[in-house]
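Structural characterization, general
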Amino acid sequence: MKLLKELPGKTTFLKPILKFYIIGLSITTISRIFLTLIFWERVTATANFWHLFFIGIRMDIILLTYIASLPTILLIFLPNPILKKLNGFIRYFLAICLFFLVFMEIATPTFLLQYDTRPNRLFVEYLLYPKEVSNMLVKGFGLQLLLAFIALVFAAVFLFKRSKRWFCLGEEVPYTSKLLLFPIVGFLLFWGARSSLTSVRPINASNAIFSKDQFTNSLALSSLYTVSFAVYSLKNEEDSSKMYGKMDEKEAIDRTRKYMSTVPSDFTNSEIPLLHKQKSTHKTDKPYNLVIFLQESLGAEYVGCLNGLPLTPNIDKLSKEGMLFTNLYCTGTRSVRGIEAVVTGFLPTPSRSVVKLGKAQNGFFTLADVLGRKGYETSFIYGGFSNFDNMASFFNGNGFKKIIDENDFKKDEYAFKGVWGVSDEDLVAKANDLYKSYGDTPFFSLMFSSSNHTPFEFPDGRIELYDKEKNTVNNAIKYADYAIGKFFEMAKKEAYYDNTVFVVIADHNTRTYGKNLIPVHKFHIPAFIIAPGIEGGVNYEKLCSQIDIPPTLLDLTGLDIQTPMPGRNLFDLKDDVPGRAVMQFHTTNAFRVGNEMVVLQPNKEPVQFEINGDENLKEKQVDPELAKDALGHIITASSMYKKGTYKLPEN
């Protein structure tokens, strides 16, 4: 009894842990206040925005509890003589964790400006490419980087100097007293880590969602939490049912099939559930070449002929020579997601793009694979290093016979070289030379531009600047448009031009942000096709998705072909069928049919909106069938990747 009465006074050995919580909560709360002030107009546009502070404290306690669990257990279970020897370890462990907490908060404002959310899996992925990313940061965010470095040095010195006093061991406590305290401390750790005793599942990032604005929701978390949670969530990237809900695979496939421009008799292989015959509606005596010119970060808002800024005179002119897509939406916010959609036609999943996933590095369907089997020469041409974002590995294993990147440009062969490689005008000149060399052999090629990327570097004297300062997104887009014009100017002089299907299409917008869960207007992208048999000045105005472009392009080559692509051949789509688009914004997925859009979030019930203009979303009652169709597309894509059934049959 005497021992129990003395227990409250025997907790001094836990003072380092208590101080760790106080300091950690101070860091995250001050940062959250600072971010709210920086983005005041954006944050206060959300009703009850102040909820983010209360939610933030709750989520911060979860993070700090996970970190504090190890030193707390050591303090309780290790005898005092051993603890004395480990005092340095506990001190440095807690100090290093606080430093990383500070580091992530300092990195947050720039990331928020660029990606409209706190650091996430993308932050981790960029660490794999230190050369490109460091050069981009130095040139594009030099001042912010310098200030951040100074702040981090100061924080490191301060934390490690103070840690000796903050986290030193208190007076020795009898071992039996510590053991008697363990049930109470263990319960508090369990409660702190789960943040709930009534919920079956521990509280996670989805519980921080309290508004329709992804940006404001993310402020309720800490950046160390969001990055840690993103890494932890990688284990679920092959099983979307753990994030969005369960569905029988057959039902999911049936729901995906009903949105394809096919009939049941078109499907040819039960082992490859979406494999189907696609007959060309543009028959030719000889198959046409196919060239895809993928544009880095080009949103519809920058394109004149789509009622955007007057930055694209060449696109505006060239689009009148073929078919312009006025209502086309990209599937994601990263280049690899755009490559995935345009080159493979694959649906976006909760996982990373298949360009980066291990099971897709060989035997995965691509346009290069299917056209290579038809005797086409296939190539990928890029001004930067093709190993970035794992592109070289993916293309090399999936049908691309030739890969040309920065290493293949000699000094006397390019006009300009920046952080992301040689300029777009050098890229198109190299491509034109390659295409001429093929002679009468049919070819498929993917060109990928890079000049319109932070820090927006391009040669002098090519364009009349739109902004006074040279290295801006508007000027970079205008230069990218200049290179597009230069490519077609060269191509029109060559024999291959009249036998080639050309498409110019964006991978995604420059920045994707907005007050809605899905900022639909930021997914609107340009594309136009110039091809034999396509009358100039035609606009395709029905809603469509990036994944609809590859099957439509295959139609124009004149080939009858087998493909597992779930996208629609737009030339074979009935007039009375409404358009459809799929969009992914971080872990939020949208499925849009006409003006109805269902949004799926991890561990949340679906929500539905009526779209009246891309920025005007009106929440309404969820259509259960539409919500199931949305989930069916995600389950189908995850299943096909996991089972390796997004492919062509063996020859």
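For the structure itself, look to the data block above.
The notes below deal with the structure included here. Everything numeric in this text was worked out from a predicted model, so none of it was measured.

Turning our attention to the packing of aromatic side chains. Following the criterion strictly, the structure yields 40 aromatic pairs and no others. When the centroid spacing of 6.2 Å and the interplanar angle of 15° are considered together, the rings of phenylalanine 154 and phenylalanine 158 count as stacked. With phenylalanine 154 and phenylalanine 158 both in helix α8 (residues 142-166) and four residues apart, the pair spans about one turn of that helix. A relative accessible area of 60% means that phenylalanine 154 is categorised as exposed. A relative accessible area of 37% places phenylalanine 158 in the partly exposed class.

Right, let's get into the sheet that holds strand β18 (residues 596-600). Strand order in the open sheet made by the five strands is β16-β17-β18-β19-β20, with antiparallel pairing throughout. Two strands close off the open sheet at either side, each with one partner strand: β16 (580-585) and β20 (617-620). Direction aside, neighbouring strands of the sheet carry axes that sit 25° apart on average. Note that β16 and strand β17 (residues 588-593) share six bridges and pair antiparallel. Bridged to alanine 581 within β17 is arginine 592. Running at roughly 55° to β18, helix α21 (residues 624-643) makes contact with β16, β17, β18 and β19 (607-611) of the sheet.

Further remarks concern the environment of serine 423. Turning to its location among the elements, serine 423 is positioned in the loop between β8 (421-422) and α18 (424-437). For serine 423, a relative accessible area of 2% puts it in the buried group. In contact with serine 423, other than residues within four places in its own chain, are Phe416, Ser451, Pro459 and Tyr479.

By size, the foremost hydrophobic cluster in this structure holds 194 residues, and its most contacted members are Phe325, Tyr435, Phe487, Phe488, Ile505 and Met597. Per-element accounting of this core gives the leading share, twelve residues, to helix α5 (residues 80-115). In contact with isoleucine 505, not counting residues within four places along its chain, are Ile292, Phe293, Leu294, Gln295, Leu328, Val342, Ile525, Pro526, Ala527, Gln546 and Ile549. In terms of nonpolar packing, the next biggest core, distinct from the first, is built from five residues, Phe456, Ile463, Ala476 and Tyr479 among them.

Burial analysis of strand β5 (residues 377-382) places five of its six residues in the buried class, the great majority of the element. When β5 meets strand β9 (residues 443-448), the two strands line up parallel, connected through six bridges. Along β9, the bridge assignment pairs isoleucine 381 with methionine 447. Bridging between β5 and strand β6 (residues 402-404) involves three bridges; their strand directions are parallel. Note that in β6 the partner of serine 379 across the bridge is lysine 402. Handedness of the crossover joining β5 and β6 through helix α17 (residues 391-397) is recorded here as right-handed.

The rules we used
Residues take numbers from 1 onward in each chain, read along the sequence in its written order. This being a predicted model, a pLDDT of at least 70 is required before a residue's local features are given, and a value of 80 or more before pairs of side-chain atoms are given or counted; all residues contribute to the totals for chains, interfaces and linings. Hydrogen atoms and water are omitted, and side-chain values are computed over all heavy atoms in the structure. Centres within 6.5 Å are what make two rings of Phe, Tyr or Trp a pair, Trp counting through its six-membered ring; a difference in plane orientation under 30 degrees is then read as stacked, over 60 as edge-to-face, and the rest as tilted. Counting from the N terminus, the helices are the DSSP runs of H or I reaching at least four residues and the strands are the DSSP runs of E reaching at least two. Here's how the labels work: a residue is buried when its accessible area is under 20% of the maximum for its type, exposed when over 50%, partly exposed in between, all with a 1.4 Å probe on protein chains only. DSSP bridges decide pairing: two strands pair if at least two such bridges lie between them. Between N-to-C directions, angles cover 0 to 180 degrees, with each direction set by a line fitted to C-alpha atoms, over the stretch in contact for helices. Only heavy atoms matter for contacts: two residues are in contact if any of them lie within 4.5 Å across the pair. The term nonpolar core refers to a set of buried residues drawn from Ala, Val, Leu, Ile, Met, Phe, Trp, Tyr and Cys, joined through side-chain atoms within 4.5 Å. A crossover counts as right-handed when, viewed with the strands pointing away from the observer, the path leading from the first strand over the helix to the second turns clockwise.

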